[in-house]
Amino acid sequence: MKGASPLIAKKGAGPFVVRAPAKLNLFLRVLGRRPDGYHELETVFERIDLSDELTFEPAAQLSLSCDEASLSCGEENLILKAARALQQETRTAHGARIRLVKRVPIAAGLGGGSSDAAAALQGLNRLWQLGLDQARLSALGARLGSDVPFFLQPDAFALGRGRGEVLEPVDAAQELSHVLVVPDARLSTREMYEGLARAREQGIGLTATSPSSTMLLHALRNGSLGELAAGIWNDLGPEAIRRCPSISLIEHELRELECLGAQVSGSGPSMFGLCRDSAHAQQVAAQLRTRIAATPWRISVVHTDGV
Ligand code: C5P
């Protein structure tokens, strides 16, 4: 299932826009800690149609601006880190004016920062006419974040191993529709993994029956939504709920509204509810908005991106 809507919009010689879509993890199993401090994963990514937008134009210096005041546009921003990495890798000192329109919630388990970094690599590769191929961009991207390589490859679904950067495409039979609920909290990915490791040391959260991605991958390939819902999994879910208890309330609501399955994405706190189709997702989102009108949660309908 390749991207049908172009990530890089062609606009002639002037400024151009690169879309930076978010992801969900339909499956995430943490297999163990590695000597380098990262955790070995088995995860299934889905690219979704909720995107940031980066605009690139030539300039003497490198600069970044953003419409979201709570996000730093300094050197610690992954977009500028990606630009610096690309300059170093290619021994160039080109500049660029980059503008970011931020729509993907920050530190929410949706890969927004990693996707911005991937879009920066792609956009600057084009702007600076560097001609780096996907393999070189991915190697650079993996140094910036474990999820970056997923956003540099063309498939909407992929199985990730290693830190999440060793990818295999997954051919899915159909586009998926979800209700996405983002509570008003930011969770640190590093702290989530550390929390899971501590819980496991105490014997908490170790599942008697080890889930496997096999059933979910099979369901994606043959389009069986019931089987897919049964295969949705996230080892980081309980830790996310411990730190952000409203997640369990969201899960309860999504199940009450007959979502086929509901799970935390990545290190949370975002939660998605798998729906039968787009109309069902719209219906669930509308009902949820009235049921939880008093909360600051962000509710939206998202679909697989690029079917
Ligand atoms: O790769 P990324 O920079 O997004 O990861 C953020 C943090 O999450 C890492 O510093 C690490 O603590 C944790 N992490 C991990 N194992 C992974 C991915 C992330 O322990 N596979």
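### Observations regarding the overall build of the protein
(1) Moving on: Within the protein, the regular secondary structure consists of 10 helices and 12 strands.
(2) Moving on: Its C-alpha radius of gyration of 19 Å places the protein within 12% of the 19 Å reference for a compact globule of 307 residues.
(3) Moving on: Projected onto its principal axes, the C-alpha positions of the protein cover 55 × 45 × 40 Å.
(4) Moving on: Sorting the 307 residues of the protein into buried and exposed places 54% on the buried side.
(5) Moving on: About 13300 Å² of surface is accessible on the protein, with carbon and sulfur atoms providing 51% of the total.
(6) Moving on: Computing the positive centroid from 33 side-chain charges and the negative centroid from 34, the protein places the two 4 Å apart.

### Things to note about the layout of surface pockets
(1) Moving on: Taken as a whole, the largest pocket encloses approximately 1200 Å³ of empty space.
(2) Moving on: Contributing to the lining of the largest pocket are 45 residues, with L78, S114, D147, T189 and R190 lying nearest its centre.
(3) Moving on: Counting only elements with at least two residues in the lining of the largest pocket, the list comes to β2 (16-33), β3 (39-59), α1 (78-90), α2 (112-127) and α5 (189-201).
(4) Moving on: Here the lining of the largest pocket is composed, by residue class, of 17 nonpolar, 18 polar and 10 charged.

### Considering helix α10 (residues 278-291)
For an α-helix, the turn length of 3.6 residues means that residues three or four places apart are oriented alike.
(1) Moving on: Relative to the 20 Å expected for 14 residues at 1.5 Å per residue, α10 spans 20 Å between its end C-alpha atoms, a close match to the ideal helical length.
(2) Moving on: If you check which residues of α10 are buried, you get H280, A281, V284, A285 and L288. Viewed along the axis of α10, the buried residues span an arc of 135 degrees, placing them on a single side of the element. Of the exposed residues in α10, the ones pointing more than 90 degrees away from its buried face are A279 and T290.
(3) Moving on: Buried positions along α10 lie against β8 (177-182), α9 (246-256), β11 (271-275) and β12 (298-303).

### Quick notes on the packing of aromatic side chains
(1) Moving on: One pass over the structure, following the stated rule, counts three aromatic pairs.
(2) Moving on: Where F16 meets F56, the ring centres are 5.5 Å apart and the plane angle is 20 degrees; that geometry is what we call stacked. Placement of the pair is F16 in strand β2 and F56 in strand β3, with a sequence separation of 40 residues. In this pair, the class of F16 matches that of F56, namely buried.
(3) Moving on: Positioned above the aromatic ring of F16, the side-chain terminus of R126 is 3.8 Å from the ring centre.

### So, unusual backbone geometry
(1) Moving on: Going from G268 to P269, the amide bond is cis rather than trans, its omega being 5 degrees.
(2) Moving on: Mapped onto the fold, P269 is located in the loop between β10 (261-264) and β11.
(3) Moving on: Phi at A107 takes a positive value of approximately 50 degrees, unusual for a residue other than glycine.
(4) Moving on: Here A107 falls in the partly exposed class, since its relative accessible area comes to 32%.
(5) Moving on: The phi angle at Q129 is positive, at roughly 50 degrees, despite the residue not being glycine.
(6) Moving on: Its place among the elements puts Q129 in the loop between α2 and α3 (134-144).

### Some points on the pairing of β2
(1) Moving on: Within β2, 15 of the 18 residues are buried, leaving the element largely enclosed by the surrounding structure.
(2) Moving on: Judged from the 16 bridges that link them, β2 and β3 form a sheet pairing that is antiparallel. Following the sheet pairing, V30 is matched in β3 by L41.
(3) Moving on: The antiparallel pairing of β2 with β3 creates a hairpin that spans five residues between the two strands, and G37 there sits at a positive phi of about 95 degrees.
(4) Moving on: Pairing of β2 with strand β9 (residues 233-234), which is carried by two bridges, proceeds in the parallel orientation. Across the sheet, the residue bridging to F27 is W233, located in β9.

### Section: the site of the ligand
(1) Moving on: Surveying the vicinity of the ligand reveals the residues G37, Y38, H39, L41, G145, S146, R163, T189, R190 and Y193.
(2) Moving on: One of the side-chain nitrogen or oxygen atoms of H39 is found 2.7 Å away from an oxygen atom of the ligand.
(3) Moving on: A distance of 3.1 Å separates a nitrogen atom of the ligand from a polar atom in the backbone of R163.
(4) Moving on: In isolation the ligand exposes 450 Å². Once the protein is present, 76% of that is buried.
(5) Moving on: Examining the composition of the shell around the ligand, we find that three residues originate from one element, α5, more than from any other.
(6) Moving on: Class assignment of the residues belonging to the shell around the ligand gives a composition of three nonpolar, five polar and two charged.

### A look at the sheet that holds β10
(1) Moving on: Here four strands make up an open sheet; going across it, the order is β10-β11-β8-β12 and the pairing antiparallel. The open sheet has two edge strands, β10 and β12, and neither has a second partner. Going across the sheet, the axis of each strand differs from the next one's by a mean of 25 degrees, ignoring polarity.
(2) Moving on: Pairing analysis gives four bridges linking β10 to β11, with the strands arranged antiparallel. Considered in β11, the bridge of A262 is made with G273.

Here is what the cut-offs are and how they apply
- Residues numbered from 1 in each chain as written.
- Predicted model: local features only at pLDDT ≥ 70, side-chain atom pairs only at ≥ 80, totals over all residues.
- Heavy atoms only, no water.
- Helix = DSSP H or I, 4+ residues; strand = E, 2+ residues; numbered from the N terminus.
- Rg over C-alpha atoms; globule rule 2.2 N^0.38 Å.
- Buried < 20%, exposed > 50% of the residue type's maximum accessible area, 1.4 Å probe, protein only.
- Areas by Shrake-Rupley, 256 points an atom, 1.4 Å probe, with all protein chains shown as cover.
- Lys, Arg positive; Asp, Glu negative; His and termini not counted.
- Charge placed at Lys NZ, Arg CZ, Asp CG, Glu CD.
- 1 Å grid on protein atoms, 1.4 Å probe; cavity = no way out; pocket = protein on both sides within 12 Å on 5 of 7 lines; lining within 4 Å.
- Points joined across faces, edges and corners; volume = space filled by probe spheres on them.
- Nonpolar A, V, L, I, M, F, W, Y, C, P; charged D, E, K, R; others polar.
- Expected span 1.5 Å × (residues − 1).
- Arc of directions from axis to C-beta.
- Contact = heavy atoms within 4.5 Å.
- Phe/Tyr/Trp six-rings, centres within 6.5 Å; stacked < 30°, edge-to-face > 60°.
- Lys NZ or Arg CZ within 6 Å of the ring centre and 35° of its normal.
- Pairing = 2+ DSSP bridges.
- Near = heavy atom within 4 Å.
- Polar contact = N/O pair within 3.5 Å; in protein donor to acceptor, adjacent residues only side chain to side chain.
- Axes fitted to C-alpha atoms, helices over the stretch in contact; angles between N-to-C directions.

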